[in-house]
Amino acid sequence: MAALLALALVAVASPLLAFDMGQSTRCVTIPNQMKVCKDVGYSEMRLPNFLGHSNLEGEVVPRSEHWRPLLKTGCHPQAQAFLCSIIAPVCLDTFIQPCRSLCVAVRDRCAPVLACQGHLWPEALNCDRFPAEEDMCLTPLAKFSHFIKDLPKPACQKCPSLEVAPAVKTVLSAFCHHDFAVTAKLHRLRHPTGEPEFQVEGRVEFIRQGPLLPYDTQHLLQDWLLINLRCASALVRPGRSQLYLLIGSVQPDGNIALIHLFPWHKKDSGIALATRKWKRHRC
């Protein structure tokens, strides 16, 4: 992901203000291979786009793929709509840019994900360059703003401690001092490019549910792995799966922080005994 994002950030280095609203444009169908914008809600886009790219096959499509790893993290529900309004603007009678407020909303959630990979928010996507008035631009949806505040969210963090074959006392103490504890099988795919890609296999089992939601936790952990690739890469070897006991807390800002990661092997009787004792354990 880091290498792809580096290419993407170079690709948007040209200032957005260099785009001439008076220049001649043409409408084209969004091609099937432009996956990041294929289901954005419209089928035709303008060329050149707001980054000045006019070659669909040579520029627009390949550079759009550089953003796919970021969008997969789910950093903001409208991140796709924001990015596609720039790289594949909808073909209407007038130019529709993203509003400044939408840019700020997406930037505030997605810039930390870029920072986690060692990149800054691109200058070409400086929110001051977008219109402040919200009458002829793409605005943030209120329901998404409310949705984001209510649910626990993954975030970039310092890599949690990894301890093999912990003692029963260690595991029970971790249960007591943190908000949640779950077991999940993490799988690392063999990717042709060498880029790490992870999946949460099967069901996530709760030892201590805390503020986590059953229907959202698997997706939450999946996004945590995508955001914290450097940490995740140390957990599983390519092509392998590993069951983990994951223990963490939800911060005041709603971000989850994983604190303890215990790989659970068949020989680890301490973890199994601790999970059985937890039902009757008093902290």
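Now for a description of the structure that goes with this document. These numbers were taken from a predicted model, which means no experiment stands behind them.

In this section: the overall build of the protein. Across its full length, the protein holds 10 helices and nine strands. Summing over all exposed atoms, the protein offers an accessible surface of approximately 14300 Å²; the carbon and sulfur share of this is 54%.

As a packed pair, helix H7 (residues 168-177) and helix H10 (residues 269-278) sit with axes 8 Å apart at the nearest point and diverge in direction by 45°. Looking at the two axes, H7 sits oblique to H10. Crossing geometry of H7 relative to H10 is assigned as right-handed. Contact with H7, carried on its side by Val168, Val171, Leu172, Phe175 and Cys176, involves Gly270, Ile271, Leu273, Ala274, Thr275, Lys277 and Trp278 of H10 and no other residues of that element. Its residues placed into classes, the contact of H7 with H10 shows nine nonpolar, two polar and one charged.

Before going further, it helps to examine the sheet that holds strand E5 (residues 161-162). Sheet strands pair by backbone hydrogen bonding; their relative direction is either parallel or antiparallel. The five strands are arranged E5-E9-E8-E6-E7 in an open sheet whose pairing can be described as mixed. Each having just a single partner strand, E5 and strand E7 (198-208) make up the two edges of the open sheet. On the sheet, H7 packs against strand E6 (180-188), E7, strand E8 (241-250) and strand E9 (256-263) and is oriented at approximately 40° with respect to E8. Packed on one face of the sheet, H10 meets E7, E8 and E9 and runs near 45° to E7.

With the rule as written, the count across this model stands at eight disulfides. Disulfide partner of cysteine 75: cysteine 110, at an S-S distance of 2.0 Å. Here the disulfide of cysteine 75 and cysteine 110 is right-handed, its torsion about the S-S bond being about 85°. Taken together, the residues span a long stretch of sequence, with cysteine 75 in the loop between helix H3 (68-72) and helix H4 (79-87) and cysteine 110 in helix H5 (residues 100-116) at a distance of 35 residues. For the pair cysteine 75 and cysteine 110, one class covers both residues: buried. Between the sulfur atoms of cysteine 159 and its disulfide partner cysteine 231 the distance amounts to 2.1 Å. Linking cysteine 159 and cysteine 231, the disulfide has an S-S dihedral of approximately -95° and is accordingly described as left-handed. In this pair, cysteine 159 is assigned in the loop between helix H6 (142-150) and E5 and cysteine 231 in helix H9 (residues 229-232), connecting sequence segments 72 residues apart. Accessibility expressed as a relative area gives 31% for cysteine 159, which makes it partly exposed.

Procedures and definitions
- Residues numbered from 1 in each chain as written.
- Predicted model: local features only at pLDDT ≥ 70, side-chain atom pairs only at ≥ 80, totals over all residues.
- Heavy atoms only, no water.
- Helix = DSSP H or I, 4+ residues; strand = E, 2+ residues; numbered from the N terminus.
- Areas by Shrake-Rupley, 256 points an atom, 1.4 Å probe, with all protein chains shown as cover.
- Axes fitted to C-alpha atoms, helices over the stretch in contact; angles between N-to-C directions.
- Parallel < 35°, antiparallel > 145°, perpendicular 65-115°, else oblique.
- Left-handed = near helix turned anticlockwise from the far one by under 90°.
- Contact = heavy atoms within 4.5 Å.
- Nonpolar A, V, L, I, M, F, W, Y, C, P; charged D, E, K, R; others polar.
- Pairing = 2+ DSSP bridges.
- Disulfide = S-S within 2.5 Å.
- Buried < 20%, exposed > 50% of the residue type's maximum accessible area, 1.4 Å probe, protein only.

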